[in-house]
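The chain contents come next:
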Number of protein chains: 2
Amino acid sequence: MSNAEVCCSPVTERPMSAEEAETAARMFKALGDPVRLRLFSAVASHEGGEACVCDISDVGVSQPTVSHHLKKLKEAGLLTSERRGTWVYYRVEPAVLAAMGRLLVESSAGALT
Amino acid sequence: MSNAEVCCSPVTERPMSAEEAETAARMFKALGDPVRLRLFSAVASHEGGEACVCDISDVGVSQPTVSHHLKKLKEAGLLTSERRGTWVYYRVEPAVLAAMGRLLVESSAGALT
């Protein structure tokens, strides 16, 4: 079962099951650190929708720290990665992002439609 | 500046600033615990969009633990509360929820529009 499948039920629709909450909480937790969230945004907003550590220099943390956080985001299912030559390129996982968004947004549909 | 104002820029649009990331990460972190996320969903999906500790009994944690987590969610700006008689009633903050959703969802707009 993918993260995207597990976490789609809006929080306002019915109480989440323990299993759904485990999966979704892991993803929210990964975004619950300011540096990690900025790095996630740096990757997500980078040209072509992907970035390597070599592309990210303005968050004010060392390259090993950047690598560490990107790995954590990947482990949480929020990024995918691909090695090309010297560098590992990270890309956002759009389906997962959309599923997390739906989890929150259906609850206030009026504000978005 | 409210949480809703600070956290609206989609992560794919541009890298988040340190200030934006601080605010948004605090909210994501609050949802980054499975029990807290289930309680959040229990409140959000409860009849009338609000619930007191007395309404929540099926998450498998004690009433003081429920109270503790609901307070944390309130501190993070995700719930508002109102005392009526013996009980404090919690309610989701729709604007904040919508803002968090937008942060994630614009990046895959096709999935939602």
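Residues numbered from 1 in each chain as written. Chains lettered and ligands numbered in written order. Predicted model: local features only at pLDDT ≥ 70, side-chain atom pairs only at ≥ 80, totals over all residues. Heavy atoms only, no water.

Asks: Report on the state of the cysteines, specifying residues and quantitative values.
Replies: Residues and elements named next belong to chain A. Scanning the model with the defined rule gives 2 disulfides over all chains in all. Here C52 connects covalently by a disulfide to C54, the sulfurs 1.8 Å from one another. Measuring the twist about the S-S bond at about -55°, one finds the C52-C54 disulfide to be left-handed. On the accessibility criterion, C54 (36% relative accessible area) is partly exposed. (Disulfide = S-S within 2.5 Å. Buried < 20%, exposed > 50% of the residue type's maximum accessible area, 1.4 Å probe, protein only.)

Asks: Pulling in residues and values, what's your account of the pattern of salt bridges?
Replies: Two side chains of opposite charge can pair, provided their charged atoms sit close to one another. The tally for this structure, following the rule as stated, stands at 8 salt bridges over all chains. Here R84 of chain A and E50 of chain A are joined by a salt bridge, their closest N and O atoms 2.5 Å apart. Remark: E50 of chain A occurs in strand 1 (residues 50-52) and R84 of chain A occurs in strand 2 (residues 79-84); sequence separation between them is 34 residues. The residue E50 of chain B makes a salt bridge to R91 of chain B at a minimum N-O spacing of 3.4 Å. In this pair, E50 of chain B is assigned in strand 1 (residues 50-52) and R91 of chain B in strand 3 (residues 87-92), connecting sequence segments 41 residues apart. The structure contains a network of salt bridges with shared partners spanning E50, E82, R84 and R91 of chain A. (Salt bridge = Lys/Arg side-chain N within 4 Å of Asp/Glu carboxyl O. Helix = DSSP H or I, 4+ residues; strand = E, 2+ residues; numbered from the N terminus.)

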